[in-house]
Amino acid sequence: MNTENWIQTNLGDTEYFQPQSTGITSFTGTKDYLSTSSVDGNKITSIEEEITYRSRPSRANLQPQPNTAWFARMRETHKVLSTSQYLRDQAILSTGFCGIQAEQIDTVYLTQYLSSDFFERQKDRYAEGSTQIALSNIQLPFIKIQFPKSKPEQSKIAEVLSKVDQAIEQTESLIAKQQRIKTGLMQDLLTRGIDEHGNLRSEETHEFKDSPLGRIPVEWDIAPISKYGSRSRSYLRTGPFGSDLNTKHWVEYGTPVLTIGSLGGGLIIDSELLFVDEKTTDRLKGFSVEEGDIVFSRVADIGRSLVIDSERQGWIISSNLMRISLNEKLASPEFLYRNIAFNSKIVEQLRKTSNSGGRDLVNGPILNALLFPWPSIEEQIAINNRLQSADARFESIKGSVNKLRSLKTALMQDLLTGKKRVTPLLEKTEVHS
């Protein structure tokens with residue numbers, strides 16, 4: 001950093017920063033009270049409540065001022081706002097925020113700095129308190145900050161970072177849109193399917209019939225899992241361990257044991273796995289899983305599930321899980337998995353039946369009594385392929401936003417510390433102006 005062009009100081013430096021004090025101006029009518037819970041990152045997502053001047057909560061006591069950035073005081077609470085016209089005219093903030101006014105510094109630059117990981121680490125380090133750990137104004141002199149002397153350079157840095165923010169926000173909106181499309185497509189495919197030409201069926205163009213699960217294509221079967229279960233091994237099996245789960249069986253290394261906590265959105269959460277030794281593994285071979293088995297939670301979060309791949313063969317299931325083994329000549333594990341996890345009619349049926357005894361629980365007789373839709377194996381595979389393509393598109397967009405977030409982090413590290421300068425960008429602007 002060229003220290004001649006940059007100022008290094010702290011948030012307690014009154015030459016540049018004025019912490020905002022509590023107290024608000026009397027107003028008529030109502031305003032929006034925003035607590036820290038109203039904010040997610042740098043976005044206002046909800047209003048705590050509408051308030052009048054006389055009926056406001058005691059914590060509704062910060063008046064948004066121009067040229068002010070606000071951050072949540074609590075440790076490990078990364079929320080930052082910049083005073084907008086809406087905040088000035090219509091909002092009152094909670095005292096859970098700390099406001100920093102800076103007349104000589106670009107407000108967006110200051111907001112970006114307060115959004116950085118290096119600011120957040122400082123805030124968390126100096127936060128204090130017994131009931132609520134938070135940063136008070138007394139600790140502000142310990143929080144270091146640096147910024148260019150040139151306000152145009154500050155503004156250019158803020159502009160660059162804000163453009164990345166806009167790209168992130170647009171991509172996140174696209175993710176939300178794709179999630180809605182994917183959810184709708186999944187419900188359509190799992191209830192209407194696709195014909196031999198790859199077209200989504202509809203009652204206007206295809207023949208449907210009534211069933212316990214509603215209207216379904218006339219070609220589909222409605223049957224319990226037993227009709228499509230494996231013929232080579234028990235098609236339903238719950239795990240062992242029972243009441244001594246978490247006690248005598250576990251070792252540091254060995255054969256993994258799947259539990260409810262280790263099932264996460266069709267994936268395995270490795271940190272939640274438990275392990276048993278070789279002797280216990282041999283004794284419990286009947287409770288192991290094979291490639292293509294479906295494992296799902298049969299208590300609490302009913303239906304949390306996944307399909308076992310080749311890398312997890314031989315793992316053991318715990319007592320809170322159930323294993324389903326299918327006849328793969330007739331039934332696709334991925335198709336049944338998607339029905340258990342995402343088909344709203346199946347999920348509703350599963351949860352309603354599981355709770356008939358007063359607590360959520362699925363056992364063999366309960367599962368055998370449930371009906372599932374069964375297209376031909378060829379159609380099941382075609383549906384899976386269509387949904388896998390949608391999954392791949394969705395994951396690709398998620399990957400894009402992750403790359404943008406990484407870019408933002410790297411840019412903040414470089415631009416907000418002076419490691420890289422935006423001076424060439426400023427010179428180009430001056431030439432073209």
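Residues numbered from 1 in each chain as written. Predicted model: local features only at pLDDT ≥ 70, side-chain atom pairs only at ≥ 80, totals over all residues. Heavy atoms only, no water.

Here the focus is empty space enclosed by the protein. By the definition in use, this model includes 1 cavity of 30 Å³ or more. Of the pockets and cavities examined, the largest cavity occupies roughly 40 Å³. Lining the largest cavity, in full, are Gln 178, Ile 181, Lys 182, Ala 390, Arg 393 and Phe 394. The set of elements that each furnish at least two residues to the lining of the largest cavity consists of helix H4 (151–191) and helix H9 (377–415). (1 Å grid on protein atoms, 1.4 Å probe; cavity = no way out; pocket = protein on both sides within 12 Å on 5 of 7 lines; lining within 4 Å. Points joined across faces, edges and corners; volume = space filled by probe spheres on them. Helix = DSSP H or I, 4+ residues; strand = E, 2+ residues; numbered from the N terminus.)

What follows deals with the packing of aromatic side chains. Geometry of an aromatic ring pair is reported as the spacing of the ring centres plus the angle between the planes. Scanning the entire structure with this criterion turns up 10 aromatic pairs. Centre to centre, the rings of Phe 71 and Phe 119 are 5.0 Å apart; their planes meet at 75 degrees, and the pair counts as edge-to-face. With Phe 71 in strand E8 (residues 68–72) and Phe 119 in helix H3 (residues 117–126), this residue pair connects regions lying 48 residues apart in the sequence. We note that Phe 71, like Phe 119, is buried. When the centroid spacing of 5.4 Å and the interplanar angle of 70 degrees are considered together, the rings of Tyr 113 and Phe 118 count as edge-to-face. Among the aromatic residues, those joined into a ring-pair cluster are Tyr 16, Phe 17 and Phe 147. (Phe/Tyr/Trp six-rings, centres within 6.5 Å; stacked < 30°, edge-to-face > 60°. Buried < 20%, exposed > 50% of the residue type's maximum accessible area, 1.4 Å probe, protein only.)

Unfilled space is identified by rolling a water-sized probe across the atoms. As a volume, the largest pocket reaches approximately 950 Å³. The wall of the largest pocket is formed by 32 residues, among which Gly 41, Asn 42, Ser 115, Asp 165 and Lys 408 lie closest to the centre. Listing elements by their share of the lining of the largest pocket, those giving two or more residues are strand E5 (43–44), strand E9 (80–82), helix H1 (85–90), helix H2 (107–114), H3, H4 and H9. Among the elements that take part in the lining of the largest pocket, H4 stands out by supplying 6 residues, more than any other. Tallied by class, residues from the lining of the largest pocket come to 9 nonpolar, 13 polar and 10 charged. Forming the walls of the second largest pocket are 27 residues, and the residues nearest its centre are Gly 265, Gly 266, Leu 267, Tyr 337 and Asp 391. Where the lining of the second largest pocket is concerned, the elements lending two or more residues are H4, strand E19 (267–268), strand E22 (305–307), helix H6 (333–342) and H9. Of the residues contributing to the lining of the second largest pocket, the split by class is 10 nonpolar, 8 polar and 9 charged. (Nonpolar A, V, L, I, M, F, W, Y, C, P; charged D, E, K, R; others polar.)

Bringing the pattern of salt bridges into the picture now. All told, the structure shown has 21 salt bridges when counted by the stated rule. In this structure, the salt-bridge partner of Asp 391 is Lys 182, at a minimum N-O distance of 3.0 Å. Placement of the pair is Asp 391 in helix H9 and Lys 182 in helix H4, with a sequence separation of 209 residues. The burial state of Asp 391 is the same as that of Lys 182; both residues are buried. Taking the shortest distance from any N to any O, the salt bridge between Asp 293 and Arg 233 comes out at 2.8 Å. One end of the pair, Asp 293, is in the loop between helix H5 (278–283) and strand E21 (294–297); the other, Arg 233, is in the loop between strand E15 (221–223) and strand E16 (236–238), with 60 residues separating them in the sequence. (Salt bridge = Lys/Arg side-chain N within 4 Å of Asp/Glu carboxyl O.)

As far as function goes, none of this settles anything; it's purely spatial.
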